[in-house]
Amino acid sequence: MPKKVGIAAVAQNAGVESKDNFYDQSYKITKEILDKAGLKREELETIISAASDIFHGGISCANSYYWETTGAFLKPGSRQDGESLFAFFYGVMRILSGDYDTALVIALCKGSENPENDACTLMYADPFYQRMIGMNETMAAAMQMRIYMERYGIAEEQCAKVVVKNLANALGNPYAHRKGRFTVDDVLGSDRIIDPLTQMQIAPKSEGMVALLLASEEKAKKLTSKPVWFRGFGNSIDHYYIGDRDLLDSPLKTAAARAYKMAGISRPRKEIDIAEITEPYAFQELIWCEDLGFCGPGEGGKMIDSGATQKTGDIPVNPSGGVLANNPYVSRGLQRVVEATLQLRGEAGERQVDKKMKTALAHGTHGFAGQCHAVAILGV
Amino acid sequence: MAKEFRTLKTSVNLPYELAYGPIWTRFFDGLLNKKILGTKCPKCDRILVPARSFCPRCFVDTPEWVEISHEGALTAWCLTNYRYYGQPVEPPSISALIRLDGANVDFLHLIGGFDLGDFELVRRKVKNGMRVKAVWNEERKAQIFDIKYFEPV
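Quick summary incoming for the structure in this document. As a convention, each chain's residues are numbered from 1 in the sequence order in which they are written. The naming scheme follows written order: chains are lettered A onward, ligands numbered 1 onward. Residue-level local features of this predicted model are given only where pLDDT is at least 70; pairs of side-chain atoms are given and counted only at 80 or more, and the full residue set underlies all totals for whole chains, interfaces and linings.

1. Some remarks on the overall build of chain A
How we decide: Strands are runs of DSSP state E lasting at least 2 residues, helices are runs of H or I lasting at least 4, and numbering of each runs from the N terminus. Here the globule rule is a power law, 2.2 Å times the number of residues to the power 0.38, and the radius of gyration is based on C-alpha atoms. Put plainly, a residue is buried at 20 or more neighbouring C-beta atoms within 10 Å of its own, exposed at 12 or fewer, and partly exposed in between, counting only other residues' C-beta atoms, which are placed from the backbone.
In terms of regular secondary structure, chain A is built from 16 helices and ten strands. In summary, chain A has a C-alpha radius of gyration of 19 Å against a globular reference of 21 Å for 380 residues, a match within 12%. On the principal axes, the C-alpha backbone points of chain A span a range of 55 × 45 × 35 Å. Taken across its 380 residues, chain A has 60% of its residues classed as buried.

As structure tokens, this is what we get:
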């Protein structure tokens, strides 16, 4: 029987903008999570951070700057650069190694300070070819959306419905950057900045200091009466050059298959109670639902039409409002884990899904049009 | 947003000198001479463009160079109509993936040569599957814009 890894506490400081600077904001969230767990800094054994500091933070080797704000003085810390869901798994592995009983996983992103996301994502296009054309994440997504609509007859209205759903869900989320009651017409009538995408279908750039305390089974039970257990993880990576890929054959399918295998899930739609997924562009929620096996290929449009992914549906997707509501670039994957954890603990406040829940899924993605995906399965 | 406390406005501008290496150098020298060059994988037989040193699927060297057609079919496109920091191309512009005849992967470039001002009109004209061909710049500098854009055939 493999060891169990538990999530003992979560904390987040997210939204439009904090008045604190990066250093203090990071300190406060670490302090908050340690206080919640009743753990002293001296008792914390290891720290994994996730940040993409050079372009998103304007500082190089930023972990040397922020380490002490995470309680890392004289501790074994390690940083994972980029999408924070990978840092979550890194933390899980530290506990699984048997060498540590507690691990802090912390994702740091202060979106209010950095250049627009598209300026940063332009910098992950190779400098000789794709960057010269101006390739950024939004451009890749717009091309992907066009193929998706054409191949499966998905309507723009169906894509817009994701925004309507998620921003309404975000009304119950105090950490959301964007929220409100909007109509499909509002979404499609917003600036058509990169056809076929309109402004409202594109996630904003937000803040997100997101923390999660992992613990071994025994320790987790001591730290909390409501531990959430790690059950599975999978990730997968596609080609780099966008022209080498079939943008509708995403590596999320293999990432999900790996996570489901580890968690012993064979019927994801039935066995998963809620999903928090990373949908920086509205239509991607539909594609990712297909790739996660919640519906068949090309059925994402029908699925949103059916209401199944609403908070009251059989598989609520992004009851927090997702990334369309709050997009702390690097922290967004770990934030999905935090939101899924809150749902399983019944502590999601006004965004709580009203049903008995056993299993939740968290998903993260980075790279152009979903080049890299990670999936985590949690359970109680 | 009005800031409650002072902020520091700053930017970072650092010089780099990045190596093209032999493969990119030969590819861009090809453009200088109005040639689009790819390489062929000896294992899966796919022709990859732009040229590269290895097949990322078979993980073997791709030493055989192939000249690729200047014409092809549109696979995907978007009409960019906003500005972002570092943007190299003046909007409005159409970025596109093009499956050049004989190649097994898509080539990223621009579609142009007509008025891009109205997205409804552009949508009527530009369709996936549409045939396009390269329009070359008179003055070439061994870079991707030695091809000005691809225009509908």
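Back to the text.
2. Details of the packing of helix α4 (residues 85-96) of chain A against helix α16 (residues 332-345) of chain A
The criterion, for reference: Angles run from 0 to 180 degrees between N-to-C directions of axes, and those axes are lines fitted to C-alpha atoms, restricted for helices to the stretch in contact. For the purpose of contact definition, each residue receives a C-beta atom placed from its backbone, and two residues are in contact when these atoms lie within 7 Å.
Running from amino to carboxyl end, α4(A) crosses α16(A) at an angle of 65°, the nearest separation of the two axes being 6 Å. Residues Leu85(A), Ala87(A) and Phe88(A) of α4(A) form the contact with α16(A), whose participating residues are Gly333(A), Leu334(A) and Val337(A).

3. Concerning helix α13 (residues 282-291) of chain A
All names here are of chain A. A large share of α13 lies buried, amounting to ten of its ten residues. Within α13, burial applies to Ala282, Phe283, Gln284, Glu285, Leu286, Ile287, Trp288, Cys289, Glu290 and Asp291. In this structure, the buried residues of α13 make contact with α7 (137-152), α8 (156-169), α11 (252-263), α14 (300-306), α15 (322-325) and β9 (359-366).

4. A closer look at the pairing of strand β7 (residues 228-237) of chain A
All names here are of chain A. Where we set the bar: In this description, strands pair whenever DSSP reports at least two bridges between them.
Within β7, seven of the ten residues are buried, which leaves the element mostly enclosed by the surrounding structure. Bridge count between strand β1 (residues 5-15) and β7: two bridges; the pairing is antiparallel. Of the residues in β7, the one forming a bridge with isoleucine 7 is valine 228. Summarising the sheet, β7 and strand β10 (residues 372-379) pair through eight bridges and their orientation is antiparallel. Note that in β10 the partner of glycine 234 across the bridge is valine 375.

5. With respect to the sheet that holds strand β2 (residues 47-48) of chain B
Residue and element names in this part refer to chain B. The three strands lie next to each other as β2-β1-β3, forming an open sheet whose pairing is antiparallel. Looking along the sheet, the strands with just one partner apiece sit at the ends: β2 and β3 (64-68). Across two bridges, the pairing between strand β1 (residues 36-40) and β2 is antiparallel. Along β2, the bridge assignment pairs lysine 40 with isoleucine 47.

6. Some words on the interface of chain B and chain A
Put simply, the rule is: Classification used: nonpolar for Ala, Val, Leu, Ile, Met, Phe, Trp, Tyr, Cys and Pro, charged for Asp, Glu, Lys and Arg, polar for all others including Gly.
Opposite the 36 residues of chain B that make contact, chain A presents 33 residues. Put simply, the parts of the chain that give the side of chain B that touches chain A at least two residues each are β4 (71-80), β5 (93-100) and β6 (107-111) of chain B. In terms of residue count, the dominant contributor to the side of chain B that touches chain A is β4(B) (five residues). Here the residues of the side of chain B that touches chain A sort into 25 nonpolar, nine polar and two charged. As paired elements, strand β5 (residues 194-195) of chain A and β4(B) share two bridges and run antiparallel to each other. When the sheet's bridge partners are listed, Ile194(A) is paired in β4(B) with Thr80(B).

These figures come from the coordinates and say nothing about function on their own.
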